[in-house]
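Secondary and tertiary structure notes
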Amino acid sequence: SDLYDKLHYEFLSVPFGGVVYKDNCFLLLPSKSPLGKIPLIVVPHGGPHSMTPASFISSYAFLAAAGYACLHVNYRGSIGYDQAFVECLAGTIGDFDVVDCVACTEFVLNEKRFDFIDKNRVGVCGGSHGGFLAGHLTGQRPDIFKVAAMRNPVTNVATMTTATDISDWCFVEGLGVSGYDFSKFSPPKGDELVELWNKSPARYIDSVKAPTLVCLGLSDQRVPPSQGLEWYYSLRSRGVATKLITYALDIHSLSTPPTEADHWLNIKNWFDEYLV
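The structure presented is a predicted model; accordingly, all values stated were derived computationally and were not measured.

In this section: the overall build of the protein chain. Secondary structure assignment for the protein chain yields 10 helices and 10 strands. Based on the C-alpha atoms only, the size of the protein chain along its principal axes is roughly 55 × 40 × 35 Å. Counting every position in the protein chain, which comprises 276 residues, the buried fraction comes to 53%. For the protein chain, restricting intrachain contacts to residue pairs at least 6 apart in sequence, the fraction spanning at least 24 positions comes to 73%.

Spelled out as structure tokens, the structure:
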């Protein structure tokens, strides 16, 4: 309760695809007025067909209480609005969700009432599809997103397709609702591999300059650790500051108590090093 009392919520509505959905993002702030400008961490949720509720989440409260503004974006594809809002993201990942995250970020950075947020100190933190978006945002908009922390991220949908326990996710999200025959398994064809790669953060790897922390559960069958390893080694070979932390027995959620505590402390330390 003490930590909750240190937080302040600002609810925002930003146009997505020309339509304004009420409270599609919210800003989590320390309740104490900052003495100077503070950094912003953009936090896209995973799924992508889930959402971030306006309720107490200890990991983000931890970051906010440490002096960070945390922007949560319920981009197109999130639940809680309508079915069309959910389904429009299938086949448009790496596009609609990225555009929406950028729109919310730019709204906050240009809003006068948030002039205490430093435009030059913006990071992104996400797991699973949120990690997918962290890769896209640092690759597509390196001018905005200067630091990243990724948790079991999807980085290359093409190479994930035959290594995950949800290959249908790759086809549906990458190619559209009709992109997969649920009656049988079929490996991706050549043209499908090209399209899946085009939807992936890997397409933009050469543009990434942001120091990036990668946290992986080596027992993850949902998003194979090969995805994060591919990103880590790609960045390292290009001279981008990066750090890899692995947890041998953890799965996709990274939620065992020791791992949850350890990787969130490392995430905070990473942002402290490169964003403060």
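Now that the structure has been shown, we can carry on.
Now for helix 4 (residues 96-110). For helix 4, with 15 residues, the first-to-last C-alpha span of 21 Å sits near the 21 Å given by 1.5 Å per residue. Along helix 4, the residues that are buried comprise Asp97, Val98, Asp100, Cys101, Val102, Cys104, Thr105, Val108 and Leu109.

Another point: the packing of aromatic side chains. The description of an aromatic ring pair rests on the distance of the ring centres and on the angle between the ring planes. If you walk through the whole model with that rule in mind, you get 12 aromatic pairs. A ring pair is formed by Tyr21 and Tyr81, whose centres lie 5.6 Å apart and whose planes are at 75 degrees; its orientation type is edge-to-face. One end of the pair, Tyr21, is in the loop between strand 3 (19-20) and strand 4 (25-30); the other, Tyr81, is in the loop between strand 6 (69-73) and helix 3 (83-87), and 60 residues separate them in sequence. With a relative accessible area of 18%, Tyr21 lands in the buried category. Measuring from centroid to centroid gives 4.6 Å for Tyr81 and Phe85, while their planes differ by 50 degrees, and the two rings are tilted. By relative accessible area, which is 1% here, Phe85 ends up buried. In textbook terms, an aromatic cluster arises when at least three aromatic residues are bridged by ring pairs, as seen for Phe16, Tyr21, Tyr81 and Phe85. Seen from the ring of Phe96, Arg76 lies directly overhead, with NZ or CZ sitting 4.1 Å from the centre.

Throughout the structure, instances matching the rule amount to 0 disulfides. Lacking any disulfide linkage, Cys70 is separated from the closest cysteine sulfur, that of Cys125, by 8.2 Å. A disulfide-free cysteine, Cys104 has its sulfur positioned 3.5 Å from the sulfur of Cys25, the nearest such atom. Relative accessible area serves as the criterion here: at 0%, Cys104 is assigned to the buried category.

The next thing to look at is helix 9 (residues 225-237). Taking 1.5 Å as the rise per residue, helix 9 with 13 residues should run 18 Å; its terminal C-alpha atoms sit 18 Å apart, in good agreement. Looking at helix 9, one finds that the buried residues are Pro225, Gln227, Gly228, Trp231, Tyr232, Ser234 and Leu235. Looking at the buried residues of helix 9, the elements they touch are helix 5 (129-140), strand 8 (147-151), helix 6 (157-160), strand 9 (212-217) and strand 10 (242-247). Downstream of helix 9 by a residue or two, Gly239 has a phi angle that is positive, lying close to 80 degrees.

All right, on to the nonpolar core then. Soluble, globular proteins show a tendency: their nonpolar side chains are buried together. Membership of the largest hydrophobic core comes to 51 residues, with the highest contact counts inside it found for Leu27, Leu40, Leu71, Val73 and Ile117. Here this core gets 6 residues from one element, more than from any other, and that element is helix 4.

Right, let's talk about the environment of Asp168 for a bit. By the element assignment, Asp168 lies in helix 7 (residues 167-175). Relative accessible area serves as the criterion here: at 27%, Asp168 is assigned to the partly exposed category. Between the C-alpha atom of Asp168 and that of Phe145, which follows or precedes it by 23 residues, the distance is 31 Å.

What links the strands of a sheet is backbone hydrogen bonding, and the strands pair in either a parallel or an antiparallel sense. Read across the sheet, 8 strands follow the order 1-4-6-5-7-8-9-10 without closing on themselves; strand pairing throughout is mixed. Each edge of the sheet is formed by a strand with only one pairing partner; in this case those strands are strand 1 (7-12) and strand 10. The sheet shows a mean angle of 20 degrees between the axes of neighbouring strands, direction not considered. Contacting strand 5 (38-44), strand 7 (117-127), strand 8, strand 9 and strand 10, helix 10 (residues 257-275) crosses the sheet at an angle of about 165 degrees to strand 8.

Thresholds applied
Residues numbered from 1 in each chain as written. Predicted model: local features only at pLDDT ≥ 70, side-chain atom pairs only at ≥ 80, totals over all residues. Heavy atoms only, no water. Helix = DSSP H or I, 4+ residues; strand = E, 2+ residues; numbered from the N terminus. Buried < 20%, exposed > 50% of the residue type's maximum accessible area, 1.4 Å probe, protein only. Contact = heavy atoms within 4.5 Å. Expected span 1.5 Å × (residues − 1). Phe/Tyr/Trp six-rings, centres within 6.5 Å; stacked < 30°, edge-to-face > 60°. Lys NZ or Arg CZ within 6 Å of the ring centre and 35° of its normal. Disulfide = S-S within 2.5 Å. Core = buried A, V, L, I, M, F, W, Y, C linked by side-chain atoms within 4.5 Å. Pairing = 2+ DSSP bridges. Axes fitted to C-alpha atoms, helices over the stretch in contact; angles between N-to-C directions.

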